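Listed here are the chains, written in short residue letters.
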Amino acid sequence: MSDPRPNVVRVSDESLVHARGLVKRFGDFAAVDGIDVDVRRGEAFGFLGPNGAGKSSTMRMVGCVSPPSAGVLRILGMDPARSGSRIRARLGVCPQVDNLDPELTVRENLTAYARFFGISRRVARQRAAELLDFVQLSDRASSRVEPLSGGMKRRLTIARSLVNEPEMVLLDEPTTGLDPQARHLVWERLFRLKQQGVTLVLTTHYMDEAEQLCDRLVVMDGGRIVAQGTPRELIERYSTREVVELRFPVPDQGAYGEKLAGVGERLEVLPDRILLYVADGDEAVAEVHRRSLGPSSALVRRSSLEDVFLHLTGRTLVD
Amino acid sequence: MVTLALPRLLLARDSARRAGSMVERNVAALRSAYWIVMVGGFLEPLLYLFSIGVGVGALIGDIRIPDGRVVGYAEFVAPAMLAASAMSGALSETTFNFFGKMKFMRLYDAVLATPVRPMEVAAGELIWAMARGTVYAAAFLVVMTLMDLTSWPRALAAFPATVFVGFAFGALGMALSTFMRGWQEFDLIAAVQFALFLFSGTFVPAQDYWPPLRMLVEITPLYRAVDLIRGICLTSFGAVQVVDLIYLCALFAGGLALAGRRMARLLLK
Ligand SMILES: Nc1ncnc2c1ncn2[C@@H]1O[C@H](COP(=O)(O)OP(=O)(O)OP(=O)(O)O)[C@@H](O)[C@H]1O
Ligand SMILES: [Mg+2]
């Protein structure tokens, strides 16, 4: 745990997940429609995308609990179809929906799970104690699972995924449903794991989470990858440096759309505000005032992954 | 040869260990309420034995069994009760409980994300299901011997046979559960089970049935189980009992293999 270079992430060229033209079909419907992915040892890799994009389907294939319908998939250099059990022995999995054992206590959920990996009883007890401490559930160790709050169950599921000291952890929306404190706790824990050299693969709907944790990420939509890179690269490629949010004191913001033409690289009219994508926010605000349009508020902020995400996958709910 | 066999043996050992970890999980899940279930399971065959074997038996008197001997009705019925209780114990664990764990608790989803394979889950669950049946079988055999319905050596031989009957029915029940869509369909299993209980040469020698019915009865699993246990406890162990054993072996192996395959299809999609 005492890493001398806490902020240096060591990423090797070794591919722990290697997918080419990976497809998952349910009947005629392709939930994952031919994706290429490489996750290298030591990195934190994220899958982003709207509901139904195929993130969980991909995670399940990587976790060797769902056979690919087509394409090449190698996990830890092995073929899931032939070596699924051996691969799973070295993975940690936190599924999107908690599937804790309701008949066991919090502690037993960890110890019984450790036994599935062939870990001795003594080591299992020891790890359970450490992990409960890690996710701050030690005081609930003897409680059953049902009365735990949603966030506590989530933390327990994350703890369970670490019981075999995995080389790679798959986390499907690890912090969905957590309160801000718990989210920050989980982020901090995941960051610590990464520093220990554990490879993280996660999906998320939180852009700040992706920006905080992921070295690289892909944006999926409709079963395909629509963009990939580091968070910074994606922002540079698909958005501008800054965004100006303007509100006008009229019900219909649309009327101002034309009047703002040419101020930024791109402009988006929303029901309640107008977004200007610009390189220099202050300069754009000055221009707005020069045109004497008089917005009731003008907020300049740095462009985020959220802007990229909405730009790539659209603002409307399609399904 | 040795170099080929050794890795296989090691693999088999790993598989057995993983099936064992499934059993361990069930031991950990054991709570006090379980003992009520245990007592109920033990009482059921005993009640049948007393009410029908002893009670109705007093009206019927003695009956002639196929080998020509004349025995008391309780002596005739007791081995059948033992076989039938092995069946119902195994089925209740592997249909209702297994189905609930698979479909409602979604217990195996988490297990299958570990190195444990579907077949190992099935094997572990079956071993666990039979742990209870094994205790019942031993207790019932002790009662039978004390009531002088069989002899100690025969009871000793009937014990593993009864446990094996349980395994065969357990494997069958598990395979059936994987085809169930909802709880309603279990009523169907219960109905079939009851029909088997009544017509498998349990209360009346099957030789007395109308020939087509007799042939039908003779291919059902409980008939074979009753025939096997009665052979050991009361009459003799001959070629027919070897057929019973082969039949039950096939049921066991086929059921378990099918259950494992179906679980993989249902849960790993
Ligand atoms: N077992 C299944 N059978 C049939 N269709 C499925 C199955 N699992 C997923 N799908 C479909 O595949 C598509 C992708 O689902 P998936 O769960 O991978 O999406 P996701 O990106 O994880 O979405 P979310 O953000 O909502 O979790 C969806 O349209 C879903 O309905
Ligand atoms: Mg999902």
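Residues numbered from 1 in each chain as written. Chains lettered and ligands numbered in written order. Predicted model: local features only at pLDDT ≥ 70, side-chain atom pairs only at ≥ 80, totals over all residues. Heavy atoms only, no water.

**What to know about the site of ligand 1**
Residues and elements named next belong to chain A. How we decide: Nearness is defined per residue: one heavy atom within 4 Å of the molecule or strand is enough. Pairs of N or O atoms are called polar contacts if they sit within 3.5 Å, as long as, within protein, a hydrogen donor faces a hydrogen acceptor (for residues adjacent in sequence, only side-chain-to-side-chain pairs). For the area figures, the Shrake-Rupley method with a 1.4 Å probe applies, and any residue is considered shielded solely by the protein chains shown. We count a stretch as a helix when DSSP gives it H or I for four or more residues in a row; a strand needs E for two or more, and each element gets its number in order from the N terminus.
As a structural note, the neighbourhood of ligand 1 is formed by 15 residues, with G52, K55, S56, S57 and H205 the closest of them. K55 places a side-chain nitrogen or oxygen 2.7 Å from an oxygen atom of ligand 1. With respect to ligand 1, the side chain of H205 contributes an N or O atom lying 2.9 Å from an oxygen atom. Coverage of ligand 1 by the protein chains reaches 65% of its 630 Å² of free accessible surface. Mapped onto the shell around ligand 1, the elements with two or more residues apiece are β2 (29–40) and α1 (55–62).

**With respect to the interface of chain A and chain B**
Inclusion rule: Any two residues whose heavy atoms approach within 4.5 Å are treated as being in contact. Buried area counts how much accessible surface, traced with a 1.4 Å probe, disappears from two parts once they are put together, with both parts' losses summed. In what follows, salt bridge is the name for a side-chain nitrogen of Lys or Arg lying within 4 Å of a carboxyl oxygen of Asp or Glu. Nonpolar residues are Ala, Val, Leu, Ile, Met, Phe, Trp, Tyr, Cys and Pro. Charged residues are Asp, Glu, Lys and Arg, and all others, Gly as well, are polar.
Across the contact, 26 residues belong to chain A and 24 residues belong to chain B. Taken together, the two surfaces of chain A and chain B that pack against each other cover about 2100 Å², and 55% of this comes from carbon and sulfur. Three residues, R88, E103 and F116 of chain A, lead the burial of chain A against chain B; their summed loss comes to 31% of the area buried on that side. Put simply, chain A and chain B have four salt bridges between them. In this structure, D101 of chain A and R25 of chain B form a salt bridge, with 2.5 Å as the shortest nitrogen-oxygen distance. Residue assignment for the side of chain A that touches chain B shows that the elements contributing at least two residues are β1 (15–26), α2 (80–88) and α3 (106–116) of chain A. Top contributing element to the side of chain A that touches chain B by residue count: α3 of chain A, with five residues. A class-by-class count of the residues in the side of chain A that touches chain B yields eleven nonpolar, five polar and ten charged.

**Structural notes on the coordination of the magnesium ion (ligand 2)**
All names here are of chain A. Counted only if it meets this: Note: metal donors comprise N, O and S atoms at 2.8 Å or less from the metal (3.2 Å for Na, K and Ca); water molecules are not included, so apparent gaps in a site are possible. Exposure classes here rest on a 1.4 Å probe applied to the protein chains alone. A residue is buried below 20% of its type maximum, exposed above 50%, and partly exposed in between.
Distances from the magnesium ion (ligand 2) to its protein donors, S56 (OG) and Q96 (OE1), fall within 1.9 to 2.1 Å. Of the two residues, S56 is situated in helix α1 and Q96 in the loop between β5 (91–94) and α3; the sequence distance between them amounts to 40 residues. Q96 sits in the partly exposed class, given a relative accessible area of 36%.

**Brief notes about the layout of surface pockets**
Selection rule: Put simply, the grid is 1 Å and covers the protein atoms alone, a cavity is a trapped set of points that fit a 1.4 Å probe, a pocket is an open set with protein on both sides within 12 Å along at least five of seven lines, and lining residues have an atom within 4 Å of a point. Grid points are joined across faces, edges and corners, and a volume is the space filled by probe spheres set on the points.
Quantified by volume, the largest pocket comes out at close to 570 Å³. Forming the walls of the largest pocket are 27 residues, and the residues nearest its centre are R60, P95, V97 and N99 of chain A together with D109 of chain B. Among the elements of the structure, α1, β5 and β6 (168–172) of chain A together with α4 (107–111) and α10 (239–267) of chain B are those that each provide at least two residues to the lining of the largest pocket. Within the lining of the largest pocket, the residues separate by chemical class into 16 nonpolar, four polar and seven charged.

**A closer look at the sheet that holds strand β13 (residues 297–302) of chain A**
Residues and elements named next belong to chain A. We apply this condition: Note: two strands are recorded as paired if DSSP finds a minimum of 2 bridges between them. Between the N-to-C directions of two axes lies an angle of 0 to 180 degrees, each axis being a line fitted to C-alpha atoms and, for a helix, fitted only over the stretch in contact.
If you trace the four strands from one edge of the open sheet to the other, you get β11-β12-β10-β13, paired in antiparallel fashion. At either margin of the open sheet sits one strand with a lone partner, and together these are β11 (266–269) and β13. Sheet twist, expressed as the mean angle between neighbouring strand axes with direction ignored, is 20°. Sheet topology note: the β11/strand β12 (residues 274–278) ladder contains four bridges and is antiparallel. Counted as the bridge partner of V269 is I274 from β12.

**Concerning empty space enclosed by the protein**
Counting across every chain of the model gives four cavities of 30 Å³ or more. A volume near 90 Å³ is recorded for the largest cavity. Elements that contribute at least two residues to the lining of the largest cavity include exactly α3 of chain A together with α1 (2–29) and α4 of chain B. If you tally residues by element for the lining of the largest cavity, the top one is α3 of chain A, at four residues. Class assignment of the residues belonging to the lining of the largest cavity gives a composition of nine nonpolar, two polar and three charged. Taken as a whole, the second largest cavity spans an internal volume of roughly 60 Å³.

Purely spatial values, then, with no claim about function.
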